[in-house]
Amino acid sequence: MIQYSLGIYLHTPFCVKKCSYCDFYSITDRRLIGPYVDALKREIQRAECLGQVDTVYWGGGTPSMLPAATVAEVMDVLAARFEILPDAEISLEANPGTVDLAYLKELKRIGVNRLNLGVQSFNDQDLSFLGRIHNAEEAVKAIDLARQAGFENLGIDLIYGLPGQTPLDLEHQIGAAAALAVEHISCYLLTLEPATPLARLVAQGTVALPDETQASQLMVAMAELLAAAGYHRYEISNFAREERYICRHNRRYWTMAPYLGFGPAAHSFVPPRRYWNLSSVSDYIEAVTDGSGPVAGSETLTREQRILEAVYLDLRLIEGIDLTAFESVFQVTVQDLFGPHWAGLLAENILEINNGWLRLTEKGLLLADAVPLYLDI
Ligand code: SF4
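Residues numbered from 1 in each chain as written. Predicted model: local features only at pLDDT ≥ 70, side-chain atom pairs only at ≥ 80, totals over all residues. Heavy atoms only, no water.

*Asks:* Explain the environment of Ser-128 here, please?
*Replies:* Inspection of the secondary structure assignment puts Ser-128 in helix α4 (residues 124-130). Residue Ser-128 is classed as exposed on the basis of its relative accessible area, which comes to 56%. Along the chain, Ser-128 and Cys-19 lie 109 residues apart, while their C-alpha atoms are 9.5 Å from each other. (Helix = DSSP H or I, 4+ residues; strand = E, 2+ residues; numbered from the N terminus. Buried < 20%, exposed > 50% of the residue type's maximum accessible area, 1.4 Å probe, protein only.)

Given below as structure tokens:
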């Protein structure tokens with residue numbers, strides 16, 4: 001059996017309250033937390049041990065709604081089933097409205113070594129618009145508490161592109177984040193997901209999000225401000241103060257490295273197969289408990305799908321595509337795949353080649369989703 005270097009993703013599908021823009025699957029009924037944790041442990045115990053684990057990521061939902069003792073229990077089950085490397089990156093997403101010093105100290109003590117706080121904004125009006133449970137003061141306090149608890153690898157999420165937001169507003173946001181000297185910043189454009197309260201407000205005409213030009217201006221401003229504050233962009237929306245603070249787990253997704261996901265709605269990828277669990281918490285619990293298994297579907301990626309995903313994901317990384325490695329894996333050149341569009345994408349300064357790597361230019365990064373559409377496969 002092939003032994004992989006693995007990432008493990010643990011999905012916690014609970015939130016204190018749903019945010020106005022979010023369409024991730026999560027529920028607010030805490031009564032299912034106990035049965036969910038039992039099922040999660042059982043799912044891990046039954047997993048095939050496909051290799052050594054070098055990243056673990058608790059995502060959600062809101063993993064910080066779980067007591068630290070529960071996180072520890074699950075980590076123990078994981079460690080009994082898989083070999084977790086001593087220097088593994090162990091991340092946990094936390095909502096600033098759910099943490100205190102004792103909790104964070106306990107997480108640190110049980111081995112969580114990277115905390116990602118869903119700050120989203122340092123502006124109270126923005127936070128209330130987004131339906132977050134915390135205010136700006138609590139966000140700053142959570143970062144301070146995480147430092148006091150000993151976290152030296154601290155990331156935050158920010159959202160930009162709120163209604164009426166200007167590059168100057170963004171400057172305040174980035175300035176606040178940089179003043180706190182967090183190691184990692186994920187900065188996402190607010191996108192409209194169907195069937196969310198935000199989508200309804202936009203449909204009613206109550207709220208207008210930035211148009212394409214305004215969104216592009218904000219994206220350029222965001223990247224410039226973060227660069228000026230000393231953050232190195234390594235993926236379209238992700239910035240790290242130093243290379244060692246790049247999120248190793250998320251990098252797996254962009255490089256199509258293997259990972260196993262546990263919990264409702266969690267996805268797994270063991271090349272070339274991708275599979276995913278039942279989304280509904282109660283269906284997941286039932287399927288794990290009755291032994292039928294939580295996998296809801298799977299697909300084996302064709303060569304064409306793998307090529308398309310590799311180009312799409314590699315181009316999201318600022319380093320781009322290693323052209324030699326790509327050709328040796330897929331037995332085709334990227335140039336051939338872009339066919340008649342290749343010369344134009346280079347001439348129009350959308351793509352550039354540097355030392356055998358193909359990457360999107362600053363201009364090209366604004367068109368990242370559109371460029372792979374030119375592939376002829
Ligand atoms: S806390 Fe996160 S996962 Fe939960 S509703 Fe808000 S954005 Fe979605």
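*Asks:* I'm lost on the sheet that holds strand β13 (residues 321-322) in this one. Help?
*Replies:* Sheet architecture is open: three strands sit in the order β13-β15-β14, paired in antiparallel fashion. Two strands bound the open sheet, and with one partner strand each, they are β13 and β14 (351-354). With two bridges connecting them, β13 and strand β15 (residues 357-360) associate as antiparallel partners. Each bridged residue has a counterpart across the sheet, and for Asp-322 the counterpart in β15 is Trp-357. (Pairing = 2+ DSSP bridges.)

*Asks:* In this structure, what is going on with helix α3 (residues 101-109)? I would like to understand it.
*Replies:* In an α-helix, one turn spans 3.6 residues, which is why side chains three or four residues apart end up on the same side. Taken as a whole, α3 has its buried residues at Tyr-103, Leu-104 and Leu-107. On an axial view of α3, the arc spanned by its buried residues comes to 95°, and they lie on one face. Within α3, the exposed residues directed more than 90 degrees away from the buried face are Ala-102 and Arg-109. Looking at the buried residues of α3, the elements they touch are α2 (68-81), β3 (83-94), β4 (114-120) and α5 (136-148). Here α3 starts with a cap whose side-chain oxygen sits 3.3 Å from the backbone nitrogen of Ala-102, and that cap is Asp-100. Just past α3, the residue Gly-111 takes up positive phi, approximately 115°. (Arc of directions from axis to C-beta. Contact = heavy atoms within 4.5 Å. Polar contact = N/O pair within 3.5 Å; in protein donor to acceptor, adjacent residues only side chain to side chain.)

*Asks:* What is the right way to read the pairing of β4 from this model?
*Replies:* Counting buried residues in β4 gives seven out of seven residues, a clear majority hidden from the surface. Residues of β4 alternate between two faces, with Arg-114, Asn-116, Gly-118 and Gln-120 on one and Leu-115, Leu-117 and Val-119 on the opposite face, all of them buried. In this structure, β3 lies alongside β4, joined through four bridges in parallel fashion. If you follow Ser-91 over to β4, its bridge partner there is Arg-114. Of the strand pairs in this sheet, β4 and strand β5 (residues 154-160) are connected by four bridges, and their pairing is parallel. For Leu-117, the partnering residue across the bridge sits in β5 and is Ile-156.

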